[in-house]
Amino acid sequence: MDERPELTLQLTIDCTDPQRLVPFWLDALRYVPDPPPAGHATWRAHWEAIGVPEDELGEGAGDLPESIVDPKGVGPRVWFQHVPEPKTVKNRVHLDLKVGGGREVPLALRRARVDGEVARLTALGATVLYTMDEPNGMDYYAVVLQDPEGNEFCIV
């Protein structure tokens, strides 16, 4: 019998302004705000009810959604954790938003799907860093972007 506790996955993104990133990633991932536990109007109300000290919460923490969830219940919860320092170096972990359909889909169609998603996300505030377009038989196409706080992610 396996006595280890159940494991769930949460992705945590450090940021200086959760309220700037939450709307972007809600649209980017097609997620919804994570509702506070039953009986609480906000996450802050829940945290206060369970005794989280005020000095740990900070001004405005939990008054608006700071975490998002997959409405289908498949993807991980994403929490946008407020940190005081801005991002300064390249991410060591990043998200790949896979919209192309994989290598079994013709390259022209994958490229159109990726470019369409890039256009959608740049309209939401993403910035294109560069394109990975491997001719020479590699049959690979992806675009690297940054979210509004500079976190890198790929559209594949």
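Residues numbered from 1 in each chain as written. Predicted model: local features only at pLDDT ≥ 70, side-chain atom pairs only at ≥ 80, totals over all residues. Heavy atoms only, no water.

Q: Sorry if this is basic, but what is going on with the sheet that holds strand β3 (residues 67-69) here?
A: In a beta sheet, neighbouring strands pair by backbone hydrogen bonds and run either parallel or antiparallel. Reading across from one edge, β1-β4-β3-β2 is the order of the four strands in this open sheet, with mixed pairing throughout. Whereas interior strands pair on both sides, the edge strands pair on one side only; in this sheet they are β1 (10-15) and β2 (32-33). The pairing of β3 with strand β4 (residues 77-82) spans two bridges and is classified as antiparallel. Along β4, the bridge assignment pairs Ser67 with Trp79. The strands touched by helix α1 (residues 18-29) are β1, β2, β3 and β4; relative to β4, the strand with the most contacts, the crossing angle is about 160°. (Pairing = 2+ DSSP bridges. Helix = DSSP H or I, 4+ residues; strand = E, 2+ residues; numbered from the N terminus. Contact = heavy atoms within 4.5 Å. Axes fitted to C-alpha atoms, helices over the stretch in contact; angles between N-to-C directions.)

Q: Can you help me understand unusual backbone geometry in this one?
A: Peptide bonds are trans in most cases, and residues, glycine excluded, mostly fall at negative phi. Positive phi, close to 60°, is recorded for Arg30, a residue that is not glycine. Of note, Arg30 is situated in the loop between α1 and β2.

Q: Sorry if this is basic, but what is going on with the sheet that holds strand β5 (residues 95-97) here?
A: With mixed pairing, four strands are arranged side by side in an open sheet as β5-β8-β7-β6. Strands with a single pairing partner mark the edges of an open sheet, and in this sheet they are β5 and β6 (127-134). Sheet twist, expressed as the average angle between the axes of neighbouring strands with direction ignored, equals 25°. Packed onto the sheet, α1 meets β5 and β8 (152-155) and runs at close to 45° relative to β5. Those strands touched by helix α4 (residues 107-124) are β5, β6, β7 (140-146) and β8, and its axis lies near 10° from that of β7.

Q: How do you make sense of the nonpolar core when you look at a structure like this?
A: As a rule of thumb, soluble globular proteins bury nonpolar side chains together. Ranked by size, the top nonpolar core spans 22 residues in total, and within it Trp25, Ile68, Phe80, Leu121, Phe153 and Ile155 carry the most contacts. Those elements that place two or more of their residues in this core are β1, α1, β4, α4, β7 and β8. Looking at this core element by element, the count peaks at six residues for α1. For Ile68, the contacting residues outside a window of four places in its chain are Val22, Trp25, Leu26, Leu29, Tyr31, Val32, Pro33, Asp34, Pro76, Arg77, Val78 and Phe80. (Core = buried A, V, L, I, M, F, W, Y, C linked by side-chain atoms within 4.5 Å. Buried < 20%, exposed > 50% of the residue type's maximum accessible area, 1.4 Å probe, protein only.)

Q: I would appreciate a short explanation of the pairing of β7 in the present structure.
A: Within a regular strand, side chains alternate between the sheet's two faces. Among the seven residues in β7, five count as buried, and that is most of the element. Pairing of β6 with β7, which is carried by seven bridges, proceeds in the antiparallel orientation. What sits directly across from Asp133, in β7, is Tyr141. In the sheet, β7 pairs with β8 via four bridges, with the strands oriented antiparallel. Opposite Val143, over in β8, you have Ile155 as the bridge partner.

Q: Help me understand the pattern of salt bridges, please; the structure alone is not making it clear to me.
A: For side chains bearing opposite charge, pairing can occur when the charged atoms are close. Scanning the model with the defined rule gives eight salt bridges in all. Of the charged contacts, one joins Asp34 and Arg77 as a salt bridge, the two residues approaching to 2.6 Å between their closest N and O atoms. One end of the pair, Asp34, is in the loop between β2 and α2 (43-49); the other, Arg77, is in strand β4, with 43 residues separating them in the sequence. Looking at Asp34, the relative accessible area reads 13%, which means it is buried. For Arg77, a relative accessible area of 23% puts it in the partly exposed group. (Salt bridge = Lys/Arg side-chain N within 4 Å of Asp/Glu carboxyl O.)

Q: How should the side chain of Arg44 be read in this particular structure?
A: By secondary structure assignment, the location of Arg44 is in helix α2. Judged by relative accessible area, which is 9%, Arg44 ranks as buried. Among the polar contacts listed, one links the side chain of Arg44 to the side chain of Glu54, at a separation of 2.4 Å. Excluding residues that lie within four positions of it along the chain, Arg44 makes contacts with Glu54, Leu57, Gly58, Gly60, Ala61, Gly62 and Asp63. (Polar contact = N/O pair within 3.5 Å; in protein donor to acceptor, adjacent residues only side chain to side chain.)

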